[in-house]
Amino acid sequence: MSINFQFKVMHDSDIGNVHKIEAESHLHPWSEKNFLDCIVQKYWNYVLLEDSPSNQRIGHCIIMPGVEELHLLNITIHPHFRRQHIASRALMSLEEIGIKHHYLKMLLEVRRSNDVAIKMYEKLGYQFIGARRDYYPLVKGDTFSREDALVMEKILKEIK
Ligand SMILES: CC(C)(COP(=O)(O)OP(=O)(O)OC[C@H]1O[C@@H](n2cnc3c(N)ncnc32)[C@H](O)[C@@H]1OP(=O)(O)O)[C@@H](O)C(=O)NCCC(=O)NCCS
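Summarised in this report is the structure supplied together with it.

### Considerations on the nonpolar core
Reasoning step 1: In terms of nonpolar packing, the biggest core is built from 31 residues, with L48, C61, I86 and A90 touching the most fellow members.
Reasoning step 2: Every element with two or more residues in this core is listed here: α1 (15-25), α2 (32-40), β2 (44-50), β3 (57-65), β4 (69-77), α3 (86-100), β5 (105-111) and β7 (143-155).
Reasoning step 3: Here this core takes five residues from α3, the largest share from any one element.
Reasoning step 4: Excluding residues that lie within four positions of it along the chain, A90 makes contacts with L48, C61 and I75.

Below, the structure is given as structure tokens:
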């Protein structure tokens, strides 16, 4: 049986818990300040809550709305809740909201090495449109280098 979840608008008071999931999930997690900045900017900032009496926090998602495009900045699912189509369902719901608000496309950057996320985006219909060389820091032990971002987009609404 698939897990049901709800979207909750992220507030300052959520940041501590959001950051725990973030830190467990990324080699280079966002800082608490990064999340606070998104709240201040009034981006589409959501905590995903399991639809159960415990309302457990299962992930988060941040989208920066532009003029005619949406930009996915962060989507993260708690390791215990992965591979249950939660991120895919969340993204599809947000795409639907984008379509209702007349946004034309969703854009995102993903690390070249993030095979799991790339697979998910491709499955959802995202296509590669470019790369940003050395976009992300890559720290492994004492070694500091950089990693490319792949830029992907999904057309939400064709211009006639
Ligand atoms: C990427 C991430 C958000 C995916 O969340 P999720 O809810 O587990 O993903 P879904 O269950 O919706 O997966 C959808 C599809 O993606 C692919 N996929 C997801 N996880 C995968 C894995 N571990 N291995 C291979 N393919 C995978 C599969 O095609 C999957 O469909 P299927 O299960 O029917 O085969 C999650 O792994 C995560 O939080 N990772 C760390 C943070 C991150 O990398 N975020 C994205 C940054 S751009």
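### Some points on the pairing of β4
Reasoning step 1: Both β3 and β4 contribute to a ladder of seven bridges, which runs antiparallel. Residue pairing in the sheet places M64 in a bridge with H71 of β4.
Reasoning step 2: Two successive antiparallel strands, β3 and β4, enclose a turn made up of three residues.
Reasoning step 3: For β4 and β5, the ladder comprises four bridges, and the chain directions are parallel. Considered in β5, the bridge of E69 is made with K105.
Reasoning step 4: You can see the chain leave β4, run along α3 and come back into β5, and the turn it takes is right-handed.

### Examining the pairing of strand β6 (residues 127-140)
Reasoning step 1: With respect to burial, β6 is a largely exposed element, only zero of its 14 residues being buried.
Reasoning step 2: In this structure, β6 lies alongside β7, joined through 10 bridges in antiparallel fashion. Paired with Q127 across the bridge in β7 is E153.
Reasoning step 3: The hairpin formed by β6 and β7 contains two residues between the paired strands, and G141 there has a positive phi angle of roughly 60°.

### Some remarks on α3
Think of an α-helix as 3.6 residues a turn; residues three or four steps apart then line up on the same face.
Reasoning step 1: For α3, spanning 15 residues, the distance from its first C-alpha to its last is 21 Å, which sits close to the expected 21 Å at 1.5 Å a residue.
Reasoning step 2: All of the buried residues along α3 are I86, A87, A90, L91, L94, E95 and G98. Buried residues of α3, seen end-on, are gathered within an arc of 165° and therefore sit on one face of the element. Structural note: α3 exposes M92, E96 and K100 on the side pointing more than 90 degrees away from its buried face.
Reasoning step 3: Those residues of α3 that are buried lie in contact with β1 (5-9), β2, β3, β4, β5 and α4 (115-123).

Basis of the calculations
Residues numbered from 1 in each chain as written. Predicted model: local features only at pLDDT ≥ 70, side-chain atom pairs only at ≥ 80, totals over all residues. Core = buried A, V, L, I, M, F, W, Y, C linked by C-beta atoms within 7 Å. Buried ≥ 20, exposed ≤ 12 C-beta atoms within 10 Å, placed from the backbone. Helix = DSSP H or I, 4+ residues; strand = E, 2+ residues; numbered from the N terminus. Contact = placed C-beta atoms within 7 Å. Pairing = 2+ DSSP bridges. Right-handed = clockwise from strand over helix to strand, strands pointing away. Expected span 1.5 Å × (residues − 1). Arc of directions from axis to C-beta.

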